[in-house]
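A look at the structure
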Amino acid sequence: MEESGEETDEQTGLCEMKQDKPLVSVIVPAYQAVDDLPRCLQSLSDQTYQELEILVIDDGSRDGTRDVMEAVRKRDPRIRVFFQPHRGVSAARNRGIEESKGKFLVFCDADDYTEKTYVEKMMAHSEQNDLVVCGYDRVREGKEKWVYRESGSVPREELYERALCGNEIGGSCWNKLFLMKIIADNALRFQEGISIGEDMLFCVSYYRFCRDIYYVGEALYHYCFHSGSLMKAVSGGKQFNICLFSCLDAADALASVTWTDGKTGTGRQERRDRKKLREEKRQREEGAVGDGRKEEREKIAACISYRRIRSAVWLMYQMVSGKCADRAVFGRMKRMVRQSLPGCRRENYDTRLERFAAYGIAVCPGLVYRVGVTANLAAGAWLKRYLR
């Protein structure tokens, strides 16, 4: 299939119009999304913030997704559609970044939807911040809200821990408003070839250049579960082997991320950074404070170590659930956890069970797998007897 990204004259003129507000580009990767895409695009078309361009990238769908895109585009001239052979969600998002014309950037998955004020409430804090994050909920049969704090600024010194060890900021790209200048100036892209954790890698790379972060304490994004989603309904078999194991690639790539002190490249920001560095150096020489930079680097390293361990524990859980064992992967998980355990702080772990699982994987992942499968079978048998 040939790639296509042709625009109508009306769509081309959209970005040439004089606007009172900055343009926001919304990137929607779509693959086999014929059932859910109409709801997603309708929620974006209904945004109270009108200065949008909605870029829908069809990643080689074969189920009628393209027809849905064409039909919706006729109703809303702000929607731009692109077609490419199936290369994965990272390639689709990268295509959207390359085609976008906005000052700000947000992402939305084709099977999710948003509140009407999703963009507006984040844009209200965009000019003073490098990153704006909103709360979300998980939609299955009902709704489970995931709003972690009240609205307000997130201190720079808390960014790494909240991003790498918790879910409040986290690594998903769809509940965030990004500044296009940071993405363009630092050539940030999603890493193709990784199916699990690719958005976390992108976000963590972006966080390096953030100094001012704001959190909107409302569930403005609806994260939906369905049987066809890899992350939202994991199954065993060939798809499991091919896709889920790539979370280890993401964890390895995370360890190689080079951290900065949050400079965004603006003249005012650089002067402020230089002034702060001089003041910290003077205080250290006088013995007034310790080496704050060293402490921050150690904290970041501990958070990265925990994130790598968490990836291994998560993958083990999925392998147990799907009854999918792989000796080569067990060996890789064991090495990763052993490398990361010395740098991980005790307080990083979510639960005691997670910590025990990490130690078990470091010693004998095959045994952890067998114990997990046996426990699952026992629990399932007990549940069947109980429900009779």
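The coordinates are above.
Residues numbered from 1 in each chain as written. Predicted model: local features only at pLDDT ≥ 70, side-chain atom pairs only at ≥ 80, totals over all residues. Heavy atoms only, no water.

With respect to the packing of aromatic side chains
Condition: Aromatic contacts are taken between Phe, Tyr and Trp rings whose centres are within 6.5 Å, Trp giving its six-membered ring; a plane angle under 30 degrees counts as stacked, one over 60 as edge-to-face, and the others as tilted. A run of H or I in DSSP becomes a helix once it reaches four residues, and a run of E becomes a strand once it reaches two; helices and strands are each numbered from the N terminus. Categorising residues by exposure relies on relative accessible area from a 1.4 Å probe, with only protein chains included: less than 20% of the type maximum marks a residue as buried, more than 50% marks it as exposed, and the intermediate range marks it as partly exposed.
Summed over all chains, the structure comprises 11 aromatic pairs. Seen in terms of ring centroids, Y118 and Y221 are 5.9 Å apart; in terms of plane orientation they differ by 55 degrees. Their pairing is tilted. Linking Y118 in helix α5 (residues 118-123) with Y221 in strand β10 (residues 213-224), this pair joins segments that are 103 residues apart in sequence. On the basis of relative accessible area, Y118 is assigned to the buried category, the value being 0%. Accessibility expressed as a relative area gives 0% for Y221, which makes it buried. Here F178 and Y206 contribute two aromatic rings whose centre-to-centre distance is 4.9 Å and whose plane-to-plane angle is 85 degrees, an arrangement assigned as edge-to-face.

Overview of the nonpolar core
Put simply, the test is: Residues belong to a common nonpolar core when they are buried Ala, Val, Leu, Ile, Met, Phe, Trp, Tyr or Cys residues joined through side-chain atoms within 4.5 Å. Pairs of residues are marked as contacts when any of their non-hydrogen atoms sit within 4.5 Å.
In terms of nonpolar packing, the biggest core is built from 109 residues, with V28, L37, V56, F178, Y206 and M333 touching the most fellow members. Counting residues per element, this core draws most heavily on helix α12 (residues 292-322), which supplies 11 residues. With sequence-adjacent residues up to four places away left out, Y206 is seen in contact with D130, L131, F178, L179, I182, I183 and L188.

Thoughts on the pattern of salt bridges
Put simply, the rule is: One side-chain nitrogen of Lys or Arg within 4 Å of one carboxyl oxygen of Asp or Glu is enough to make a salt bridge.
What the rule picks out here adds up to 15 salt bridges. Between K299 and E161 there is a salt bridge, with its nearest N and O atoms 3.3 Å apart. Taken together, the residues K299 in helix α12 and E161 in helix α6 (residues 159-164) connect sequence positions 138 residues apart. Relative accessible area serves as the criterion here: at 23%, K299 is assigned to the partly exposed category.

Remarks on the environment of Y31
Positionally, Y31 belongs in the loop between β1 (24-30) and α2 (37-45). Judged by its relative accessible area of 34%, Y31 is partly exposed. Along the primary structure Y31 and D109 are separated by 78 residues, whereas in three dimensions their C-alpha atoms are 9.8 Å apart. Among all residues touching Y31, those that are not within four sequence positions of it are D59, G60, S61, R62 and H86.

Topic: the packing of helix α10 (residues 247-255) against helix α13 (residues 327-340)
Condition: For helices, the axis comes from a line fit to the C-alpha atoms of the stretch in contact; other axes are also lines fit to C-alpha atoms, and the angle between any two N-to-C directions lies between 0 and 180 degrees. The cut-offs work like this: below 35 degrees is roughly parallel, past 145 is roughly antiparallel, 65 to 115 is roughly perpendicular, and the gaps in between are oblique. Crossings are classed by handedness, with left-handed meaning an anticlockwise turn of the near helix from the far one by less than a right angle and right-handed meaning a clockwise turn. Side-chain classes follow a simple rule in which Ala, Val, Leu, Ile, Met, Phe, Trp, Tyr, Cys and Pro form the nonpolar group, Asp, Glu, Lys and Arg form the charged group, and the remainder, Gly included, forms the polar group.
In contact at an axis separation of 11 Å, α10 and α13 are set at 25 degrees when each is read in the N-to-C sense. Overall, the two elements α10 and α13 adopt an arrangement that is roughly parallel. Of the two elements, α10 crosses α13, and the hand of that crossing is left-handed. Residues L248, D249, A251 and D252 of α10 pack against V329, R332, M333 and M336 of α13. For the contact of α10 with α13, a count of residues per class yields five nonpolar, no polar and three charged.

What about the pairing of strand β6 (residues 131-139)?
The cut-off we apply is this: Pairing between two strands requires that DSSP report at least two bridges joining them.
The buried fraction of β6 is high, at eight of nine residues. As paired elements, β6 and β10 share nine bridges and run parallel to each other. Following the sheet pairing, V133 is matched in β10 by Y215.

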